[in-house]
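Now for the letters of each chain:
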Amino acid sequence: IPTFQHAIIMFGGVAGIEECVDADESMTLPGKDSMKLFDVWVNTCPFQGSRTIRTEEAVFISLARFRPLFASNSSEQGSVVEKTPPAASTADIEFSDAEMSDESAEND
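Every chain is numbered on its own, with residues counted from 1 as its sequence reads. It should be noted that, the model being predicted, local features are given only for residues of pLDDT at least 70 and side-chain atom pairs only at 80 or more, the latter also being counted only at that level, while totals for whole chains, interfaces and linings use all residues. Only hydrogens and water are set aside when side-chain values are computed; all heavy atoms of the structure are taken into account.

Remarks on the overall build of the chain
Under the convention used in this document: Where helices and strands are cited, they refer to DSSP runs of H or I of at least four residues and of E of at least two residues respectively, numbered from the N terminus. Here the term buried applies to any residue with accessible area under 20% of the maximum for its type, exposed to any over 50%, and partly exposed to those in between, with areas from a 1.4 Å probe on protein chains only. In this description, contact between two residues means that some pair of their heavy atoms is separated by no more than 4.5 Å. The Shrake-Rupley method, run with a 1.4 Å probe sphere, supplies the accessible areas, and residue values consider only the shown protein chains as cover.
Regarding its fold elements, the chain presents two helices and zero strands. By residue count, 13% of the 108 residues in the chain fall in the buried class. In the chain, of all internal contacts separated by at least 6 residues, the share reaching a separation of at least 24 is 33%. Summing over all exposed atoms, the chain offers an accessible surface of approximately 9800 Å²; the carbon and sulfur share of this is 52%.

Given below as structure tokens:
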């Protein structure tokens with residue numbers, strides 16, 4: 001796999017990414033050529049034994065399979081560089097339990 005700075009992982013629907021491309025009226029590319037939209041096209045769940053796989057299962061399987069590739073592409077040998085996002089400030093946010101929200105059940 002070529003070196004990269006950013007990666008995006010796409011998951012297709014039940015009919016696949018090809019069907020999504022065919023259904024998008026703004027796309028001039030036919031669904032059968034949808035691989036051309038990506039630098040790398042990988043089936044992370046080959047031989048799955050069923051027509052579909054649940055997205056939440058595909059996410060875990062895909063991340064597990066990509067982790068070694070991400071680690072080898074990292075600037076630090078053998079480990080993925082994790083950047084901690086800045087903590088959100090709650091100084092300007094008011095929290096109140098005095099009133100029931102519209103979404104609360106009456107019996108809560």
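A word on the confidence of the model for the chain
We count it as follows: The score called pLDDT rates the predictor's confidence residue by residue, from a low of 0 to a high of 100.
The pLDDT averaged across the chain works out to 76; a share of 68% of its residues lies at or above 70. Segment residues 77–81: pLDDT under 50, and ten contacts once partners within four positions in sequence are set aside and those in other chains are kept.

Let's talk about the pattern of salt bridges
How we decide: Salt bridges, as used here, are contacts in which a Lys or Arg side-chain nitrogen is within 4 Å of a carboxyl oxygen on Asp or Glu.
Following the criterion strictly, the structure yields two salt bridges and no others. Between Lys 32 and Asp 33 there is a salt bridge whose closest N-O contact spans 3.9 Å. Among the residues examined, Lys 32 registers a relative accessible area of 69% and is labelled exposed. Here Glu 56 makes a salt bridge to Arg 54, at a shortest N to O gap of 2.3 Å. Overall, Glu 56 belongs to the partly exposed group, its relative accessible area being 40%. Judged by relative accessible area, which is 51%, Arg 54 ranks as exposed.

Thoughts on the side chain of Ser 34
Which entries qualify depends on this criterion: N or O atoms closer than or at 3.5 Å make up a polar contact, with two conditions inside protein: a donor-capable atom paired with an acceptor-capable one, and, for residues adjacent in sequence, both atoms drawn from side chains.
When you line up the elements, Ser 34 lands in the loop between helix H1 (17–23) and helix H2 (55–73). Within polar-contact distance, the side chain of Ser 34 engages the backbone oxygen of Gly 31 at 2.9 Å. Residues contacting Ser 34, with those up to four places away along its chain left out, are Ile 17, Glu 18, Val 21, Leu 29 and Trp 41.

A few points about the layout of surface pockets
We apply this condition: Points on a 1 Å grid over protein atoms alone make up a cavity when a 1.4 Å probe fits among them but cannot get out, and a pocket when they form an open set with protein on both sides within 12 Å along at least five of seven lines; lining residues each have an atom within 4 Å of a point. Grid points are joined across faces, edges and corners, and a volume is the space filled by probe spheres set on the points. Side-chain classes follow a simple rule in which Ala, Val, Leu, Ile, Met, Phe, Trp, Tyr, Cys and Pro form the nonpolar group, Asp, Glu, Lys and Arg form the charged group, and the remainder, Gly included, forms the polar group.
Within this model, the largest pocket holds a volume of roughly 1100 Å³. Lining the largest pocket are 37 residues, with Ile 9, Met 10, Phe 11, Ile 17 and Val 42 sitting closest to its centre. Secondary structure elements with two or more residues in the lining of the largest pocket: H1 and H2. The residue inventory of the lining of the largest pocket, partitioned by class, reads 22 nonpolar, eleven polar and four charged.

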